[in-house]
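# A look at the structure
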Protein chains: 2
Amino acid sequence: MNAKHRILLVEDHTLLRIGLRALLCQIQDFEVVGEAANGREAIGAIKELSPEIVLMDLTMPEMNGMEAITQIKERYPQVGILVLTLHRSEEYIHESLKAGANGYILKDATHEELCIAIRSVLSGKTYLSPDISNKVVRVFLAGGKSASLAFAWESVTSRERQVLKMVAEGCANKIIAAYLSLSIKTVEKHRSNLMRKLDLHNASMLTAFAIGKGLLSGDSSSASDPSAGLVQRQDGVI
Amino acid sequence: MNAKHRILLVEDHTLLRIGLRALLCQIQDFEVVGEAANGREAIGAIKELSPEIVLMDLTMPEMNGMEAITQIKERYPQVGILVLTLHRSEEYIHESLKAGANGYILKDATHEELCIAIRSVLSGKTYLSPDISNKVVRVFLAGGKSASLAFAWESVTSRERQVLKMVAEGCANKIIAAYLSLSIKTVEKHRSNLMRKLDLHNASMLTAFAIGKGLLSGDSSSASDPSAGLVQRQDGVI
DNA sequence: ATGGAAATGCGGGTTAATACGTAGACTAGT
DNA sequence: ACTAGTCTACGTATTAACCCGCATTTCCAT
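By convention here, each chain's residues receive numbers from 1 onward along its written sequence. In the order they appear in the text, chains get letters beginning with A and ligands get numbers beginning with 1. In view of the model being predicted, local features appear only for residues whose pLDDT reaches at least 70, and side-chain atom pairs are presented and counted only at 80 or more, with totals across whole chains, interfaces and linings using the full set of residues. Based on all heavy atoms of the structure, the side-chain values leave hydrogens and waters out of the count.

## Some thoughts on unusual backbone geometry
Which entries qualify depends on this criterion: The numbering of helices and of strands both runs from the N terminus, where a helix is a DSSP run of H or I of at least 4 residues and a strand a run of E of at least 2.
Residue S50(A) is not a glycine yet carries a positive backbone phi of 35 degrees. By secondary structure assignment, the location of S50(A) is in the loop between α2 (39–49) and β3 (53–56).

Set out below in structure tokens:
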């Protein structure tokens, strides 16, 4: 009866990780048995430490949260996964829940909410932050309409993603064609297909979409670095 | 000699804030005298609590860190300000230091580094994370070349920013002209001036820049989700 | 007051992007 | 062998974007 609940923290921001540990250790029946700074470490840590629940960030180097969740749920389906992130977008929520997350809570939650969320997941329930559950409910009421965007995205082929990435980086069709050894006409076709599939109607929208998708500049910190996405490929020298 | 150093936490992510409090309270001579979730609250808290040092995030609602630092240093120049953020971009570093920050540390720093940074600022020194000081030195060696982007941005007029925002939202010139009651030619001119000033050469680059600058309120998913404006309250546990 | 910057607007011209239709080559699955 | 999907590519046409110079008005600061 004295056994503490074993918690694993997966979070790349060291200070937040240590802070969370300090916070959770104050709770009588919680025990932080380990920490990991990315998805790969997390999987190793689960094998070794067999925690009951994992608190997981989504945007991390090496292996991101979504992939990690998928792999963890494949190998250790009994482990509860509570996503702890700052991302409010339906994109992340949808992907996380689809990957098998048992809860989704925001980093601006309170201490109390975190505890409630952890206990919910420990007892087998699914916990969503109020903001998050609003979105989920709204999509549910809308008949999963916005899931159509996720569906549309899955219909985008890898070649098209490649083109999308370069478009978002500011490359002109001519540059993309040269870089990928294609005809401009082909690039235009890919671009046109992208816009049709995603229901976007110009280069700006494609760029905003790609950035939101995280196609540019791996980590979230440099996602808000104005100079990060603007690579020097516009020079045209390949 | 038993007086503890008075610390104020300014950070919008509640969990990190509480975690930091728990962390810093473990140090003998540190005392967290207050917390604030944005710049406006921070200024009020300083007036009331007169801390020696402020740990401040940069990206916050209501009033962001940069503005807050400027105002705090105007009114309470004796208060040390240590920026604690996840942003590694020269943009933020430059702006923060220019506004008067006494230190700049990243959220993936360790517990020990945080303590060292706080003590450095308390003793009147300037502390920069190793990664950060590297960048500062590099820019210094390059003769401040990359500060040119920050300078360029300041030369962008408010009307141009307005146009930039709409361009990044995917609006065509015609739409922008109608919305702002302008001639298409004028919009084209603003757009052209923006591209010249910022050294960007098409709509995609403008969009990426604007998103990096945080000119767009919503994320990409809500940008392509027409129903994203609706909100409703709902209980957390489902 | 007078110069400078900002905002607005036009003309003329070039280039790039977008829309739409068509179609061959290739791959993978049935 | 047949089918479906993707990647590739072209043609044609329209629209939007981009570049350059110039002019006007307003407003602010020296």
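Having seen the model, we can carry on.
## Details of the packing of aromatic side chains
Basically, it comes down to this: Here is the rule: rings of Phe, Tyr and Trp (six-membered ring for Trp) pair when centre to centre is within 6.5 Å. Planes less than 30 degrees apart are stacked, more than 60 are edge-to-face, and the remainder are tilted. Here, a charge over a ring is recorded when the distance from Lys NZ or Arg CZ to the ring centre is within 6 Å and its angle to the ring normal is within 35 degrees.
Inspection of every chain in the model, using the stated rule, returns two aromatic pairs over all chains. Over the aromatic face of W153(A) sits the side chain of R161(A), whose NZ or CZ is 4.4 Å from the ring centroid.

## Here's the deal with the packing of helix α3 (residues 65–75) of chain B against helix α4 (residues 90–99) of chain B
All names here are of chain B. How we decide: Every axis in this analysis is a line fitted to C-alpha atoms, fitted for helices over the stretch in contact. Angles between the N-to-C directions lie between 0 and 180 degrees. When describing relative orientation, an angle under 35 degrees is termed roughly parallel and one over 145 degrees roughly antiparallel, while 65 to 115 degrees is termed roughly perpendicular and anything else oblique. Helix crossings are classified by the rotation of the near helix relative to the far one: an anticlockwise turn of less than a right angle makes the crossing left-handed, while a clockwise turn makes it right-handed. Note on contacts: a residue pair qualifies if any of its non-hydrogen atoms lie within 4.5 Å across the two residues. Note on residue categories: nonpolar means Ala, Val, Leu, Ile, Met, Phe, Trp, Tyr, Cys or Pro, charged means Asp, Glu, Lys or Arg, and polar means any other residue, Gly included.
Relative orientation of the contacting elements α3 and α4 amounts to 15 degrees, with a least axis distance of 8 Å. Taken together, α3 and α4 sit at an angle that is classed as roughly parallel. For the pair α3 and α4, the crossing hand works out as right-handed. On α4, the residues touching M66, I69, T70 and K73 of α3 are Y92, E95, S96 and A99. Counted by class, the contact of α3 with α4 contains four nonpolar, two polar and two charged residues.

## Here we look at the sheet that holds strand β4 (residues 80–85) of chain A
Across a sheet, strands are paired by hydrogen bonds formed along the backbone, either parallel or antiparallel in direction. Residues and elements named next belong to chain A. Rule in force here: Think of it this way: DSSP has to see at least two bridges between two strands before they count as a pair.
With respect to topology, six strands assemble into an open sheet ordered β2-β1-β3-β4-β5-β6, the strand pairing being parallel. Looking at which strands have only one partner, the edges of the open sheet turn out to be β2 (30–36) and β6 (127–128). Of the pairings in the sheet, the one linking strand β5 (residues 103–106) to β6 comprises two bridges and is parallel in character. Bridge pairing in β6 places G103 opposite Y127. Contacts from helix α5 (residues 111–122) reach β1 (5–10), β2, β3, β4, β5 and β6 within the one sheet, and its direction differs from that of β4 by about 155 degrees.

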